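These are the residues of each chain, in order.
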Amino acid sequence: MFNDLIPRKPGTEPLVEAVKACRPHLVWAAVFSALVNLLYLTPTIYMLQVYDRVVPTGGLQTLLLVSAIAVFALATLALLDWLRTRLLVRAGLRLDRLLVGRLLGRVVDLQAQSPGSQVLREFDHVRTAVSGQGVLSLFDAPWTPIYIGCCFLLHPALGALTLVGAIILLILAVLNERDSRPRLNQAMKDSQAAYAAQESMAGQSEVVRALGMRQAGIALQVQQRQVATAQQVEAQFTGGRYTGIIKFLRLMLQSASLGLAALLTVRGHISAGSIIAASVLLTRAVQPIEQMVGAWPTLVQAKASWKALIELFAATGRVDRVTTTLPAPEGRLGLEQVTVRLPGSEVPQLRGITLSLEPGQVLGVIGPSGSGKTTLARVVAGAIPPTSGSVRLDGADYDARAGDTLAEHIGYLPQVPGLFSGSVKDNISRFRSALGTDPEQIDREAIAAAKAAGVHEMILRLPHGYDTVLGHNGAGLSVGQSQRVALARALYRDPVVLVLDEPNANLDQEGEAALTQAIKGATARGASVLMVAHRAGVLGIADRLLMLREGTVQIEGPRDEVMMRLNPGRAKPTVVPPPGAQSA
Ligand SMILES: Nc1ncnc2c1ncn2[C@@H]1O[C@H](COP(=O)(O)OP(=O)(O)OP(=O)(O)O)[C@@H](O)[C@H]1O
């Protein structure tokens, strides 16, 4: 039942480490729980002493002594209860400290986007269960048999009543779990889908308004929400029904034990003190079961979330490896039989691509829409791994440089610029300030990159220059301006490989001239450049051209030769020199 909750797959090591780090807290919390539960016997024992020793003899000194002991025991109970709660909260914090950074790293490493956005929510479910009532109810549960045993010690009939009561409550708890679990799981899935749909609509609100999809969009979201809420309500109704029955039964049992104990006292089987003691013991015996029923949704949710975290870590096991530090590369790029099949797709997007690119060379990638140009750019940029085959930088597989180490040598300008919320400088410097890099160094390098991209003057004309704060997706800049800032980001710290995906798609003449100069500057210092382009202009700078069709290389060779082959009727290649090319 709990087998699938143990992280065993490669890649899940951080989860194992985090659990190990929290183990001392959990063990001590369990020990304190045991002591707390023992001390819960204090009122029972106190009552027995008062009724059986103090009342018959009228011994005030005995009353004072047992009262003092009871106060001490109850104070210790309160202290230990407080300590165990603190320990669990600290365990939750430790989980947070150890896992959140890695978790976010793994989300970045995920290829499929959707599950990643829920990951922190999943983690919080686990943390809440660990640091709250969920785990406490598990710690208290084993005490039910002990309290029942104490009832048997008072009198077998009282023990039997408590045992039967506990069994009935347990059966109700199991039925509750069985009835509400599928509904809770479904409710979770439905509400996640509803949240995702709402986020997507909110992100596209302009399009929704402009296309008159307002009413349809709202109706769709309301429907999705109703489905999710209906399941939640059903689960709550089911849980509430059982909680009500369980509460009624517990109160009945308490009264029944009082009545039975009174009967046994009248008949002289037990002392008068046992009457209330029996009722208190029964309450303690069934309380963990009741607690468990209350905490069940939290535990079910935490279990599902923990499994989701295990899957996430197992699916992204490639990261967090320790690799040998290789020397800085020169920019020799090689693809060997690269095949890419994106997650969820049945056919590969790239098939058996082999190519090489030397430092200082520009390779232009052309081909019809959907032929795989962007996919090739993403693989060469290291954004996605090949499904098979290898991508090499100076002979070393991309995998040989772990995490961000590879990215330091690569400048990537994606088809959609993808700027982030933050200042223009933050965006160009790839948010280095968050890593504690010297601010002056960041300023110097960001300005150098902007100059290399020919965008320095344009940035200076922005309301706050490099400190202009951009919104989500670079809001605050035009599409062309975003593309130029993203080019500066790609050139930040002079990477030896440049991957530019339709870098001139939104540029005016000035922007295209700046782009050409930037590419020339990069090749002059020895960078290799792979550039996807539709428009002929910028391709004039390419040394070689590669034409893709349906994910395979159709033609590859020196630019003019390829152009001649593509346009055999023409005497001269059709690629026109890009603006600014003659000034080089
Ligand atoms: N996330 C994805 N999952 C599955 N298939 C995808 C995904 N993204 C793209 N594809 C498919 O991969 C193929 C290649 O897409 P790609 O974006 O590489 O083409 P492209 O040549 O860059 O096209 P364009 O010139 O229109 O940008 C297309 O058939 C597309 O449908």
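Everything numeric here is computed off the predicted structure, so don't read it as measured data.

J.: I would appreciate a short explanation of the domain arrangement of the protein in the present structure.
T.: One frequent convention defines the size of an interface as the accessible area lost when the parts assemble. The domains assigned to the protein are domain 1 (10–315), domain 2 (333–409 + 495–583) and domain 3 (423–492). For domain 1 versus domain 3, the distance between C-alpha centres works out to 50 Å.

J.: In this structure, what is going on with the pattern of salt bridges? I would like to understand it.
T.: As a working rule, side chains carrying opposite charge can pair if their charged atoms are close by. Under the counting rule described, the total for this entry stands at 15 salt bridges. Note that R84 and D140 form a salt bridge whose closest N and O atoms lie 3.1 Å from each other. Residue R84 is located in helix α3 (residues 60–109), and its partner D140 is located in helix α5 (residues 133–140); the two are separated by 56 residues in the primary sequence. Taken individually, R84 and D140 each receive the classification buried, so the pair is uniform in this respect. The salt bridge partner of D494 is R525, with a shortest N-O separation of 3.7 Å.

J.: I keep staring at the environment of R102 and nothing clicks. Help me out?
T.: Topologically, R102 is positioned in helix α3. Residue R102 is classed as partly exposed on the basis of its relative accessible area, which comes to 32%. Taking C-alpha positions, R102 is 38 Å from V553, a pair spaced 451 residues apart along the chain.

J.: I tried to follow the packing of helix α2 (residues 42–57) against α3 on my own but got confused; where do I start?
T.: Angle between the axes and distance between the axes: these two values describe a pair of packed helices. Two numbers describe how α2 lies on α3: the axes approach to 10 Å, and their chain directions differ by 180 degrees. Taken together, α2 and α3 sit at an angle that is classed as roughly antiparallel. Contact with α2, carried on its side by T42, P43, Y46, Q49, V50 and V54, involves T62, L63, V66, S67, A70, A73 and L74 of α3 and no other residues of that element. Class assignment for the residues of the contact of α2 with α3 results in nine nonpolar, four polar and no charged.

How each quantity is defined
- Residues numbered from 1 in each chain as written.
- Predicted model: local features only at pLDDT ≥ 70, side-chain atom pairs only at ≥ 80, totals over all residues.
- Heavy atoms only, no water.
- Domains from an automatic or database assignment.
- Salt bridge = Lys/Arg side-chain N within 4 Å of Asp/Glu carboxyl O.
- Helix = DSSP H or I, 4+ residues; strand = E, 2+ residues; numbered from the N terminus.
- Buried < 20%, exposed > 50% of the residue type's maximum accessible area, 1.4 Å probe, protein only.
- Axes fitted to C-alpha atoms, helices over the stretch in contact; angles between N-to-C directions.
- Parallel < 35°, antiparallel > 145°, perpendicular 65-115°, else oblique.
- Contact = heavy atoms within 4.5 Å.
- Nonpolar A, V, L, I, M, F, W, Y, C, P; charged D, E, K, R; others polar.

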